[in-house]
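Here's the letter readout for the chains.
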Amino acid sequence: MRTPNADDLVNQVLRAASEGDGVTQDDLRKRLTFAFDMYEGSAAAPSLAQILRFSRRTHRAQQRLLEAKLVCQMQGMLRTTRLGEAFLHAGCRRIDEATLARLAESLPTQESLPLEQAQPMQSELADTEAAESESEPVLDAKALMAATRLKYYRHGKDLYSVTFDADLRTWTLEIWFSGRVVRARTFVMRAPKTGHARAQLLEAAMRVNEIAVPHFFVDDRDGLYLGVDERQENIDAASLRSLIFTLFSVAADQYARLYRLVTSEDALATLEAAYKRSGS
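Reading the values: the criteria
Residues numbered from 1 in each chain as written. Predicted model: local features only at pLDDT ≥ 70, side-chain atom pairs only at ≥ 80, totals over all residues. Heavy atoms only, no water. Helix = DSSP H or I, 4+ residues; strand = E, 2+ residues; numbered from the N terminus. Buried < 20%, exposed > 50% of the residue type's maximum accessible area, 1.4 Å probe, protein only. Polar contact = N/O pair within 3.5 Å; in protein donor to acceptor, adjacent residues only side chain to side chain. Contact = heavy atoms within 4.5 Å. Core = buried A, V, L, I, M, F, W, Y, C linked by side-chain atoms within 4.5 Å. Phe/Tyr/Trp six-rings, centres within 6.5 Å; stacked < 30°, edge-to-face > 60°. Lys NZ or Arg CZ within 6 Å of the ring centre and 35° of its normal. Pairing = 2+ DSSP bridges. Axes fitted to C-alpha atoms, helices over the stretch in contact; angles between N-to-C directions. Parallel < 35°, antiparallel > 145°, perpendicular 65-115°, else oblique. Left-handed = near helix turned anticlockwise from the far one by under 90°. Nonpolar A, V, L, I, M, F, W, Y, C, P; charged D, E, K, R; others polar.

Peer 1: Even after reading the chapter, I still don't get the side chain of S161, so can you show me in this structure?
Peer 2: Looking at where S161 falls in the secondary structure, it is placed in strand β4 (residues 159-165). For S161, a relative accessible area of 5% puts it in the buried group. In this structure the side chain of S161 is engaged in a polar contact, spanning 2.6 Å, whose partner is the side chain of H155. Setting aside residues up to four positions removed in sequence, S161 forms contacts with K151, Y152, Y153, H155, T172, L173, E174 and I175.

Laid out in structure tokens, this is it:
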């Protein structure tokens, strides 16, 4: 297979950075890995050399975007700038001087500085973030969780969890109010490190991602999670309750099928019988 080049990666990185409150390096890596099938056991069957080459090109693409001021890094998140948003809106594919100059014409001076211009000092970034936060209403996470009429547990200022009992297991959903985004996720299972079962599991998870709002992802410890993000301005008690139930519904609905892919029918039957006995 052909390893995506830096130009292929630019648009994907920009789109990820433009969503919600931005994207962490970890989430970006996972998103790009799945978007280009550059993981062990994928249908594209990349070699180890191709996976390593893809990782290097991803890093170079991000560096080029930072140098061109199409993205910036703030509070551990990669976010698009106004110039980056214009780049996306115009459907541009390559970063070159002529394109950047054309896009910068309609933007404020600070967004159209030459490429060699020094980056803003950290104090300036902090002042910008403070001004943005003051202009936005502060979300009362505790009051919002209480208004969902769900039994929840508070684990810190911005982290909550909700627990549901289902046919095969108990599900714990974590809800995190982070910046301007509400993030919810639940642990599904530990993915096999290698082999055919891992390939089947990841392929099935990607198929669900194509049709469902919650998305599956694998962390660095091979944990398969189901998660969903939503901007805080779109959240009220009713929509938060709906988001939580949607996440739980998709997880419970897909669990048996995914479990069979990494174990066997007999193992699932044993699990189901044991869980029913524990509830009696």
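So much for the structure itself; the text now carries on.
Peer 1: Just to check I follow, could you spell out the environment of S178 for this structure?
Peer 2: Here S178 shows up in strand β5 (residues 170-178). Apart from the residues lying within four places of it in its own chain, the contact partners of S178 are D21, R183 and Q232.

Peer 1: Help me understand the nonpolar core, please; the structure alone is not making it clear to me.
Peer 2: The tendency in soluble globular proteins is for nonpolar side chains to be buried as a group. Counting 43 residues, the largest nonpolar core has I175, F177, V188 and L240 as its most contacted members. At the level of secondary structure, the elements contributing two or more residues to this core comprise α7 (141-147), β4, β5, β6 (181-190), α8 (196-211), β7 (215-218), β8 (223-231) and α9 (237-262). Top contributing element to this core by residue count: α9, with 12 residues. Leaving out residues up to four positions away in the same chain, L240 has contacts with L144, M145, T148, I175, F177, V182 and I235. If you look at the next biggest cluster of nonpolar residues, it comprises 28 residues, including A16, M38, L66 and V71.

Peer 1: Before we go on, may I ask you to explain the packing of aromatic side chains in this structure?
Peer 2: Given two aromatic rings, one states the distance between the centres and the angle between the planes to describe the pair. Applying the stated rule across the entire model yields eight aromatic pairs. With centroids separated by 5.8 Å and ring planes inclined at 85°, the aromatic side chains of Y160 and F177 adopt a geometry described as edge-to-face. One end of the pair, Y160, is in strand β4; the other, F177, is in strand β5, and 17 residues separate them in sequence. Ring plane angle 20° and centroid distance 4.5 Å describe the contact between F164 and F248, whose orientation is recorded as stacked. Of this pair, F164 sits in strand β4 while F248 sits in helix α9, placing them 84 residues apart in sequence. The class of F164 is buried, set by a relative accessible area of 12%. Here F248 falls in the buried class, since its relative accessible area comes to 15%. One residue, R169, lies across the ring of W171, its end atom 3.6 Å from the ring centre. Sitting over the ring of Y255, R169 keeps its end group 5.0 Å from the ring centre.

Peer 1: Before we go on, may I ask you to explain the sheet that holds β7 in this structure?
Peer 2: Strand pairing in a sheet takes place through backbone hydrogen bonds and is either antiparallel or parallel in direction. Spatially, β3-β4-β5-β6-β8-β7 is the arrangement adopted by the six strands of the open sheet, whose pairing is antiparallel. Of all strands in the sheet, those bounded by a partner on one side alone are β3 (152-154) and β7. Strand after strand, the sheet turns through a mean of 30° between neighbouring axes, direction not considered. Of the strands in this sheet, β6, β7 and β8 are in contact with α8, which crosses β7 at around 145°.

Peer 1: Please clarify how the packing of helix α1 (residues 6-18) against helix α2 (residues 25-35) should be interpreted in this entry.
Peer 2: A pair of packed helices is captured by two measures, namely the crossing angle of their axes and the spacing between those axes. Two elements in contact, α1 and α2, have axes separated by 11 Å at closest approach and are oriented at 135°. Classified by the interaxial angle, the pair formed by α1 and α2 is oblique. The handedness of the crossing between α1 and α2 comes out as right-handed. Across the interface between the two elements, L9, Q12, V13, R15 and A16 of α1 pack against L28, R31, L32 and A35 of α2. Taken together, the residues of the contact of α1 with α2 sort by class into six nonpolar, one polar and two charged.

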